[in-house]
Amino acid sequence: MSLGLLGRKLGMTHVYDNATGKATAVTVVDVSDNQIIQVKTADKDGYTAVQVGIGEKKPGRINKAQTGHFAKNNATPKYDIREFRVEADAPAAGTQLNVDQFAQGQWVDVIGVTKGRGFAGVVKRYNFSGQRQTHGSMMHRRTGAIGCRLTPGRVWKNQRMPGHMGVDNRTVQNLQVVAARPEDQILLISGSIPGPKGGLVIVRPAKKKPAPAAK
Amino acid sequence: MNKLEKIQNEQVKPDIKGFNVGDTVKVHTRVIEGGKERIQIFAGIVLDIKGTGVGKSFTVRKVSYGEGVERVFPFYTPRIARVEVTKRGSVRRARLNYLRSRVGKNATNVKEAASARDVANA
């Protein structure tokens, strides 16, 4: 995995391409205040990675251990911290990362936590069709049959039933960067991404699409 | 939410305004065919203007060979070159859905031609 950015989902809108006149639905992601907090090396930590933080936190809100960790690496306290596995030669700790590392047209993956839906039925959770609403039907959105009779005499594993839905880690692969705006430190990413507005998302170069030519 | 609003507001251009519900307009649309761009005109009555911000849109209705044709245009799309007002209408509704049920001459003609006062208010 290569170095990506943390961001906050701001919401969705659409933008027009002036050449073709096409409207593209985009999600706006705020990636300001990304800072490298720690560089992990094979010698010391057994693997190479960088720890990246986003969102300023008041110094009084963190404990002494965390204060020391941030201070040691010339970083300011951050709300959210995530790690990116990188090859060697990462930028030094304390470096501010910005939106320049993503170019227009680049393919990215976005990782986030989906919105919570609580305890959901099968119609919402698994797109079951449900049963008829009228003509004396009294089982509108119920599960229906969940198995056979004597054979197999039990319910199959992974039978889809009602239960908790949402608040899952989800990765959306191969989304395109429509624009990267350095002045606001925002990314415009084509399509939708997981999570509520204000939610933390991780944007990384796409794993299954080639990266753009070296900058 | 300011950064999001900024993107949206950037796309909101004031220049396309100047028509209202009930006006008869010619919408000059850019059509790209085989790499070449030309202007195609869609002429009719403005049925409604909906929405706000980048999502704002308007509907134009015309009767073509006896068949009603409606087209919804996004207000700020670059595919519209300009909107030309051929006749000012004076209407008492925000949405002229009642025109859809009209047949024959009534279908397009019933817009009252505007008085000078209506144009000034528009």
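Nothing here was measured: the structure is a model prediction, and the numbers come from that model.

1. A few points about the packing of aromatic side chains
All names here are of chain B. Counted according to the given criterion, the structure contains 7 aromatic pairs over all chains. Consider the rings of F42 and F73, whose centres lie 6.0 Å apart with planes at 70°: the pair is edge-to-face. One end of the pair, F42, is in strand β2 (residues 36-50); the other, F73, is in strand β4 (residues 67-74), and 31 residues separate them in sequence. Residue class for F42 comes out buried when judged on its relative accessible area of 7%. The structure contains a cluster of three or more aromatic residues connected by ring pairs, namely F19, F42, F58, F73, F75 and Y76. The side chain of K62 reaches across the aromatic face of F42, ending 4.6 Å from its centre. The ring of F42 carries the charged tip of R71 above its face, separated from the ring centre by 5.9 Å.

2. Some words on the interface of chain A and chain B
Contacts between the two partners involve 22 residues from chain A and, on the opposite side, 16 residues from chain B. For the chain A and chain B pair, buried surface summed over both sides reaches about 1,500 Å², with 56% attributable to carbon and sulfur atoms. Contact with chain B buries surface across chain A, with L10(A), Y16(A) and D184(A) losing the most and accounting together for 36% of the total. Scanning the region where chain A abuts chain B turns up 1 salt bridge.

3. Topic: the environment of G7(A)
By the element assignment, G7(A) lies in strand β1 (residues 5-16). The contacts of G7(A), once residues within four sequence positions are left out, are V29(A), D30(A), V31(A), I54(A), G199(A), L200(A) and V201(A).

4. Concerning the pattern of salt bridges
Where charged atoms from two side chains of opposite charge come close, those side chains can pair. Using the criterion set out here, one finds 12 salt bridges over all chains in the structure. The salt bridge partner of R8(A) is D80(A), with a shortest N-O separation of 2.6 Å. Linking R8(A) in strand β1 with D80(A) in strand β5 (residues 78-85), this pair joins segments that are 72 residues apart in sequence. One salt bridge in this structure joins R204(A) and D109(A), with 3.1 Å as the shortest N-O distance. With R204(A) in strand β12 (residues 200-205) and D109(A) in strand β7 (residues 107-113), this pair connects stretches of sequence that are 95 residues apart. A single burial state applies to R204(A) and to D109(A), both of which are buried. Sharing partners across several salt bridges, the network here consists of R61(B), E70(B) and R100(B).

5. Points about the side chain of T29(B)
Looking at the secondary structure, you find T29(B) in strand β1 (residues 24-33). Setting aside chain neighbours within four positions, we find T29(B) in contact with R38(B), I39(B), Q40(B), R71(B), F73(B), R79(B) and I80(B).

6. So, the pairing of strand β10 (residues 169-181) of chain A
Residue and element names in this part refer to chain A. Pairing between β7 and β10: 6 bridges, direction antiparallel. Each bridged residue has a counterpart across the sheet, and for V113 the counterpart in β10 is N169. Pairing of β10 with strand β11 (residues 186-190), which is carried by 4 bridges, proceeds in the antiparallel orientation. Across the sheet, the residue bridging to R181 is I186, located in β11. Between β10 and β11, which pair antiparallel in sequence order, lie 4 residues; one of them, Q185, sits at a positive phi of approximately 55°.

7. Here's the deal with the pairing of β12(A)
Residue and element names in this part refer to chain A. The element β12 is largely enclosed, with a buried count of 6 among its 6 residues. In this sheet, β12 lies alongside β1 in antiparallel orientation, the contact comprising 4 bridges. Bridge pairing links R8 to L200 in β12. Where β7 lies against β12, 5 bridges are found, and the strand directions are antiparallel. Within β12, the position partnered with V108 by the bridge is P205.

Rules used throughout
Residues numbered from 1 in each chain as written. Chains lettered and ligands numbered in written order. Predicted model: local features only at pLDDT ≥ 70, side-chain atom pairs only at ≥ 80, totals over all residues. Heavy atoms only, no water. Phe/Tyr/Trp six-rings, centres within 6.5 Å; stacked < 30°, edge-to-face > 60°. Helix = DSSP H or I, 4+ residues; strand = E, 2+ residues; numbered from the N terminus. Buried < 20%, exposed > 50% of the residue type's maximum accessible area, 1.4 Å probe, protein only. Lys NZ or Arg CZ within 6 Å of the ring centre and 35° of its normal. Contact = heavy atoms within 4.5 Å. Buried area = accessible area lost by both parts, 1.4 Å probe. Salt bridge = Lys/Arg side-chain N within 4 Å of Asp/Glu carboxyl O. Pairing = 2+ DSSP bridges.

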